[in-house]
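# Geometric and topological summary
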Amino acid sequence: MKPATVESGNQIALLQTLDIQLTEIAPSHAIMEVTVSPKHLNYLGGAHGGLIATLVDTVCFFPAPLLPSGLLVTTSNLNIHYLRPAALGDHLSARADLLHLGRRTASLRIAVENQGGQLIAHGTATLLVLSEPK
């Protein structure tokens, strides 16, 4: 598998559809961002939980030791705690911190904040390691 970059991460079709941008790949974390637009709203007028779940799930793959290193992984467990609604126009930033990388699993902690630094959601993820970088 070809190692991921910010540019290749931003070519993911779902992320393009949702206007989500991968903005940072670092040795132990990654960041994705999105501004809540009308297409992201739920029936009540706030950001749909699926948008936040997509941020949480996808950002987990991009700390440098994972996809950017060519490591093939897949989500095996995703837990999200929604704390407050995100409104139209809010700029959301999702940061995934790699807590553990073993031979078979990776564990991450994720925080989603709005432009004012308020915590919108947080969660954890476990990824299965499918293959080593080649």
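Everything below is about the structure printed above this text.
Residues numbered from 1 in each chain as written. Predicted model: local features only at pLDDT ≥ 70, side-chain atom pairs only at ≥ 80, totals over all residues. Heavy atoms only, no water.

## A few points about the environment of glycine 102
Just so we agree on the cut-off: Counting from the N terminus, the helices are DSSP H or I runs at least four residues long and the strands are E runs at least two residues long.
Among the structural elements, glycine 102 can be located in the loop between strand S4 (91–101) and strand S5 (105–113). For the pair glycine 102 and leucine 128, spaced 26 residues apart in sequence, the C-alpha separation works out to 9.5 Å.

## Description of the nonpolar core
To keep things clear, this is the line we draw: For the purposes of this section, nonpolar cores are sets of buried Ala, Val, Leu, Ile, Met, Phe, Trp, Tyr and Cys residues that join through side-chain atoms within 4.5 Å. Burial classes: relative accessible area under 20% of the type maximum marks a residue as buried, over 50% as exposed, and values in between as partly exposed (1.4 Å probe, protein chains only). Contacts are residue-level and defined by heavy atoms, with any inter-residue pair within 4.5 Å sufficient.
In this structure, Leu92, Leu108 and Val112 are the most contacted members of the largest nonpolar core, which totals 36 residues. When contributions to this core are tallied by element, the ones reaching two or more residues are helix H2 (13–18), strand S2 (29–35), helix H3 (49–59), S4, S5 and strand S6 (119–131). Ignoring any residue separated from it by four or fewer positions in sequence, one finds valine 112 in contact with Ile52, Leu55, Val56, Leu92, Ser93, Ala94, Gln118, Leu119, Ile120 and Ala121.

## Structural notes on a nonpolar patch on the surface
The test is simple: Any residue with relative accessible area above 30% and no salt bridge may belong to a patch, with like charges joined within 9 Å and the nonpolar Val, Leu, Ile, Met, Phe, Trp and Tyr side chains within 5 Å. A 1.4 Å probe and the Shrake-Rupley method give the accessible areas. Residues count as covered only by the protein chains that appear here. Whenever a carboxyl oxygen of Asp or Glu lies within 4 Å of a side-chain nitrogen of Lys or Arg, that contact is scored as a salt bridge.
Nonpolar side chains collect at one region of the surface, where Met1, Leu72, Leu128 and Leu130 lie side by side and expose about 340 Å² of accessible area between them. Structurally, leucine 130 is set in strand S6.

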